[in-house]
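# Residue-level structural notes
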Amino acid sequence: MRLFPIATLTLLMQMVYGLPVNAASGSSFSGEENVFIDLTEVNLTRVVYDSIGGWGEAYYQFEGRVWARWETDYPQAEHNFAKRLRQLTRLNPAALPARRRLTDPDLGDFPLIFMSDVGYANFSTEDADALRDYLKNGGFLWADDFWGDAEWASLERFMKVVLPGNRWREVPIDHPIFHTVFEMDEMPQIPARSFAGRGLQTSEPPWVHRYPAGSLEKATMRGYFDDDGRLMVIGTHNTDVADGWEREAYGQWYFERFSTKSYRLGVNVYTYVLTH
Amino acid sequence: MLFEKLFSYPLEAFATGTFLFANVFQPLWWLTGAGVVVVIITISVMAGVRTKSLVWWRRLTIAGLQIAVALGVIALLAGPVLQTTTLQHGANNIAVLIDTSGSMSFPNANDEQTRLNAALELLELQLIPALSGLAEMALFTFDNSAVRRTMQHGDSVTDAFSIEATDAETNLIASTASVLDSFKGAPLAAVIVLSDGADNGDNSTVDMAALAAHGVPVHTIGFGAHSLPGEVQLVDVQMAADAPPASRVSALLVIEHTTSGEAVIHVRDGGVLLAIQRVQLSAKTPTVRTEITFDSGGTGIRELSFELTPPPGDVLAENNQIHRLLTVNDRRRRFLYLEGEPRWEYKFIRRAVAGDEVLELVSWLRTTDRKTYRQGVSNEDELADGFPPDLESLYGYDVIILGSIAATSFTEEQHEWLESFVAERGGSLLALAGREALAEGGWDVTPLAAALPVILDRKTGPTYGSANGTVRPTRDGLVSPLTQLGAGEGADAWATLPPLGDYQRLGTLKPAATTLLELVRGGTASPLLVTQPYGLGTTAILATATTWRWQMRTPPDDQRHGLFWRQLLRQLAETAQRPRSVNLSMDSGGIVVRASVRNKLFEPAANISANAVITHPDRSETHLKLIPGDVPGVLAVRYVPGAPGVYRVDVSIEDPTGEETITRFIRTGAQNREYLRPVQNESLLRRIADVTGGRYWSSDDVAGITTALTFTGSGIRSVQLLPLWYMPALFALLLALKLGEWGLRRAWGRV
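This part takes up the overall build of chain B. Scanning chain B from terminus to terminus reveals 18 helices and 37 strands. The principal-axis extent of the C-alpha atoms belonging to chain B is close to 120 × 70 × 55 Å. Burial statistics for chain B: of 751 residues in total, 51% are counted as buried. For chain B, the share of sequence-separated contacts (at least 6 apart) that also reach a separation of at least 24 residues comes to 74%. Carbon together with sulfur atoms contributes 54% to the accessible area of chain B, which is approximately 33200 Å² in total. Measuring between centres, the 63 positive side-chain charges of chain B sit 9 Å from its 79 negative side-chain charges.

Right, dumping it as structure tokens:
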């Protein structure tokens, strides 16, 4: 979730709250504490990263607390998703999600990592090097909840550093990732609950996203493929899949219209990554 | 010689003769004996008078000595003789065999002369003069077989034979046996073998027994040093004859040495270096076994050369190299992976074998309670119902991998099929750990439980859970082809792998089980990879499902996870039986080509035929038809090869389901085994002599051989009565007895 990017308030907030400009999160923000990692389970793992800017960019306030960009939807999205995975599939997900920085030495214990709201992400060279090794080893990155052109460009710049010889390609709807468990005939656009309406419009407003946002109308999945044709990175652009998990209980209509699609895509993606 | 001076005759005469008295039945002897008794009694009475004042035991001693002298005299009068048999001069043959194999060109012990020259010199200067009056000598030379040599009067042995020690093989026992056979019906007193004992033929006990059955003593004369200081030799290389492409091949090398230092092993395929490894030699361990691994490469035949570079001081360079053939075939192996839940191990096993030339992994994954996901299937129908629909389809796979899948996922019939897949089809089955695997999955009450290498036990609580431990290969694991990670790294390659994150406790290991890998936690080791043969097949359990950590927690260029899985799966597939197979072997009769044909249910096939095309080293061909034998489904033919080299054998097998040509290679006679163990094999020479009733002689001292041949052995012999009464030893004994008595009397004051 995000509030308006009121950049001009950043300095004021820094003075009032004493928060850092590059919010590193981790222990600075609330969220799930690190838990014991049981490798007999599939651990849902959130990537902790730094973001550029200040108030409304690197961090924001919502529902009475301050969020770093990396922890958008965290950990409720993972809690709910783990429950649904257990309910719908034969996966054995850990009840509590893990969170790791890209440079954490045990990142390899989490072959699928999830990052959200990456539009303001500020990755270092060390982050790029670590992610490159992780992906070459067979790890999988899912970037979600970034909207519009500027936020896409932010991730694109980073991935060019990570895998310079590769490029983003749109993942067609007939790709197995859309069909491993549930048959999907479109890439769903899931808006944050606070922007979701009952009309046909499913995209979020451009002014809540990084400028210039451009068009936010069409949700796409783009991916990086490895030499054997397997997806190793996906970016679910112009959609907020994790919000569909997080906010499943925020109204039946939202659950039925959006959360079900989020779960269907989530189950398919996880099953794909666990089988390819 | 001293013995002969004292006892008048050689020891062999006493050892083989019977002791008799020649005069006991003559009246004169009785009269003389009676006179002697009277004299003795008289002397004793007189002595008794003189010794009356002595204590009783001194008197007893004196009396005893006197009686002994009396008995000795009586015995001499009785005419003691030795009844023995001796060789009848001029009526027998003695076969002399001279070893002319390559090893006889090596220096003899402690001199510059070759062993062969020393043997010829001994023959010419000692044996021929000594034996010429005793028997007719028949001279033979031998290497892998014996050849009779004739010599004109006045010829020297060397000139007559023009002998050179060059042959590449020695068959001492078989050659001796053939010489013995050639004398059947002719009087043969003995066989004398002049050799270093370097027999590199087949020294089976059957051959030894056949030698002994002739009843002819074989005397062996040994040449050559008993040890060569500084000598290092590559004695043996043990490895599989076949391998899949791009797999790690393991070879076990046996090095024998009498030195210390560093030796280097190179493995080459033609001129291409495949592997290099250093080996430390210690004087305390004269035999070193070391394992070396290398890549099999692409399909085809590898003419491998294992070369040992010894530390300085090596005596013979010719025994530092061994050749082996490796056939790399590209037959694809089909794997069926049944998995009950999406999990990381599944993903990374699939990735490890993806794109592999040999491994064809077909997987069936239960994604939800009602949905499954198939990968690697060859058509839409394969595994459409979740499990092969019939036994024939199941038998189409070489290996089955059971993941975390409950036994209740299968019907009773399918459980029986799984067991028969191993027992009757001869397939391999690998069970992985998991929350629904092994005992946790209820497999302990299925027919497959009998096939697994452990007794599954779930009575003592949950068996599967989180763990943190490192992997260590056992002694078996270090050399097993199933568990090879890299060239020459041995246990180090395992020690640096990331720890595993889970473990499934196994039950008691069955007697035939072999533990290849262990999980070490806090100093305690638990079996991790266990295998056992079962029926015609093999089962294995890998008690973890977190080997994926070896991929994800190592640098991207670290290939050990992929190597581990490809190697394990390929080798499991290698042990799986194939419907059609061809085996080549060598025996004394030549190359044996054997084809085994089974139908789709792996029963011996009927209505089969097979033809072999043997391509010689000079590219010429021989066509042969394989003939059915006593064993159903097996055809065989024997072929006697010509020139040594690599022979290619293409066997076309035809059965009711179709035709297939299988190619195999075999190398004949290329290895010069004469240089192996170049010291004198005294123990073999002694054994031959012992079992035949002959004797081992050192080449330095054969002086007694004539006597030995005279008194022992077979052939035409005559009975001899050898008088013993003039034996110096007897007179010396009587004199000693009387001198003893006299001395005692002096000492006791009664003379």
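What follows covers the domain arrangement of chain B. Buried accessible area, meaning the area lost when the parts come together, often serves as the stated size of an interface. Under the domain assignment, chain B is made up of domain 1 (2–85 + 720–747), domain 2 (89–194 + 202–219 + 679–715), domain 3 (232–328), domain 4 (333–575) and domain 5 (580–668). Put simply, the middle of domain 2 of chain B and the middle of domain 4 of chain B, counted by C-alpha atoms, are 60 Å apart.

Roughly 670 Å³ of volume is contained in the second largest pocket. The wall of the second largest pocket is formed by 29 residues, among which Lys 136, Asp 228 and Arg 230 of chain A together with Arg 351 and Gln 551 of chain B lie closest to the centre. For the lining of the second largest pocket, the secondary-structure elements that each account for two or more residues are helix 3 (125–136) of chain A together with helix 9 (344–353) and helix 15 (560–575) of chain B. If one sorts the elements of the lining of the second largest pocket by residue count, helix 15 of chain B sits on top with 4 residues. A per-class count over the lining of the second largest pocket returns 9 nonpolar, 9 polar and 11 charged.

It is worth spelling out the interface of chain B and chain A at this point. In this assembly, 35 residues from chain B lie in contact with 33 residues from chain A. Across the interface of chain B and chain A, roughly 3000 Å² is buried in total on both sides, 55% from carbon and sulfur atoms. Among the residues of chain B in contact with chain A, Trp 344, Arg 351 and Met 552 of chain B are the three that bury the most area, contributing 24% of the side total. One can count 5 salt bridges joining chain B with chain A. Taken together, chain B and chain A are joined by 14 residue pairs in polar contact (both at pLDDT 80 or more). Taken together, the elements giving at least two residues each to the side of chain B that touches chain A come down to helix 9, strand 17 (359–366), strand 18 (372–375), strand 22 (464–473), strand 23 (500–504) and helix 14 (549–552) of chain B.

All names here are of chain B. A cluster of nonpolar side chains, contributed by Val 55, Trp 56, Trp 57 and Leu 60, occupies part of the molecular surface with about 480 Å² of accessible area. If you trace the backbone, Trp 57 turns up in helix 4 (residues 56–77). For Trp 57, a relative accessible area of 43% puts it in the partly exposed group.

It is worth spelling out empty space enclosed by the protein at this point. To find the voids left in a structure, one rolls a probe of water-molecule size over its atoms. Counting across every chain of the model gives 5 cavities of 30 Å³ or more. As a volume, the largest cavity reaches approximately 140 Å³. Considering only residue class, the lining of the largest cavity consists of 7 nonpolar, 3 polar and 5 charged.

Here the focus is the pairing of strand 4 (residues 136–142) of chain B. Residues and elements named next belong to chain B. Of all the 7 residues making up strand 4, 6 are buried; the element is thus mostly covered by neighbouring parts of the structure. After leaving strand 3 (residues 93–99), the chain enters helix 5 (residues 115–131) and then returns to the sheet as strand 4, a path that is right-handed. Note that strand 4 and strand 5 (residues 146–149) share 4 bridges and pair antiparallel. Opposite Leu 139, over in strand 5, you have Arg 149 as the bridge partner. Where strand 4 hands over to strand 5, the hairpin turn is made up of 3 residues, counted between the paired strands.

Glancing now at the pattern of salt bridges. Residue and element names in this part refer to chain A. Taken as a whole, this structure holds 46 salt bridges over all chains when the rule is applied. Of the charged contacts in the structure, one is a salt bridge between Glu 78 and Arg 46, with a shortest N-O distance of 2.8 Å. Taken together, the residues span a long stretch of sequence, with Glu 78 in helix 2 (residues 76–88) and Arg 46 in strand 1 (residues 45–48) at a distance of 32 residues. For Arg 101, the salt bridge identified is with Asp 50, shortest N-O distance 3.0 Å. Within this pair, whereas Arg 101 is found in strand 4 (residues 98–101), its partner Asp 50 is found in the loop between strand 1 and strand 2 (59–62), the two being separated by 51 residues in sequence. Take Asp 50: its relative accessible area is 22%, and that puts it in the partly exposed class.

Bringing a negative patch on the surface into the picture now. Among the surface-exposed residues, Asp 111, Glu 112, Glu 121, Asp 700 and Asp 701 of chain B lie close enough to one another that they form a single negatively charged patch. Along the chain, Glu 121 of chain B turns up in helix 5.

With that settled, the discussion passes to the sheet that holds strand 19 (residues 399–402) of chain B. Residue and element names in this part refer to chain B. Ordered by their spatial adjacency, 10 strands build an open sheet running 18-17-16-19-20-27-26-25-22-23, and the pairing between neighbours is mixed. Both edges of this open sheet fall to strand 18 and strand 23, since each of them pairs with a single strand only. Strand-to-strand twist in this sheet, taken as the mean axis angle between neighbours without regard to direction, amounts to 25°. Bridge count between strand 22 and strand 25 (residues 514–521): 4 bridges; the pairing is antiparallel. Opposite Thr 470, over in strand 25, you have Val 520 as the bridge partner. Each of strand 16 (333–339), strand 17, strand 18 and strand 20 (428–432) is contacted by helix 9, which is oriented at about 160° to strand 17, the strand it contacts most.

What counts and what doesn't
Here the residue numbers are simple positions, counted from 1 along each chain's written sequence. The naming scheme follows written order: chains are lettered A onward, ligands numbered 1 onward. Given that this is a predicted model, residues contribute local features only at a pLDDT of at least 70 and side-chain atom pairs are listed and counted only at 80 or more, while totals for whole chains, interfaces and linings are drawn from all residues. Only heavy atoms go into the side-chain values, all of them from the structure, while hydrogens and water stay out. Strands are runs of DSSP state E lasting at least two residues, helices are runs of H or I lasting at least four, and both sets are numbered from the N terminus onward. Working definition: with a 1.4 Å probe on protein chains only, accessible area under 20% of the residue-type maximum means buried, over 50% means exposed, and in between means partly exposed. We call two residues contacting when some pair of their heavy atoms lies within 4.5 Å. Working definition of accessibility: Shrake-Rupley area with a 1.4 Å probe, residue cover restricted to the visible protein chains. Note on charges: Lys and Arg go in the positive column, Asp and Glu in the negative column, and His and the chain ends are not counted at all. For charged residues, the charge sits on one atom: NZ in Lys, CZ in Arg, CG in Asp, CD in Glu. Boundaries of every domain are those given by an automatic assignment or by a domain database. Lining residues are defined by having an atom within 4 Å of a point belonging to a cavity or pocket. Those points lie on a 1 Å grid over the protein atoms alone, cavities being sets where a 1.4 Å probe fits but cannot get out and pockets being open sets with protein on both sides within 12 Å along at least five of seven lines. Grid points are joined across faces, edges and corners, and a volume is the space filled by probe spheres set on the points. Lys, Arg, Asp and Glu make up the charged group, whereas Ala, Val, Leu, Ile, Met, Phe, Trp, Tyr, Cys and Pro make up the nonpolar group; the residues left over, Gly among them, are polar. Take the accessible area each of two parts loses on contact, using a 1.4 Å probe, and add the two losses: that sum is the buried area. The working definition used for a salt bridge is a side-chain nitrogen of Lys or Arg within 4 Å of a carboxyl oxygen of Asp or Glu. Under this definition, polar contacts are N or O atom pairs within 3.5 Å; protein pairs additionally need one hydrogen-donor-capable and one acceptor-capable atom, and for neighbouring residues in sequence, both atoms have to be side-chain atoms. Patch membership is restricted to residues that have no salt bridge and whose relative accessible area is over 30%. Joining uses 9 Å for like charges and 5 Å for the nonpolar side chains Val, Leu, Ile, Met, Phe, Trp and Tyr. A clockwise path from the first strand over the helix to the second, with the strands pointing away from the viewer, defines a right-handed crossover. When DSSP finds two or more bridges between two strands, those strands count as paired. Helix axes are fitted to C-alpha atoms over the stretch in contact, other axes to C-alpha atoms as well, and angles between N-to-C directions run from 0 to 180 degrees.

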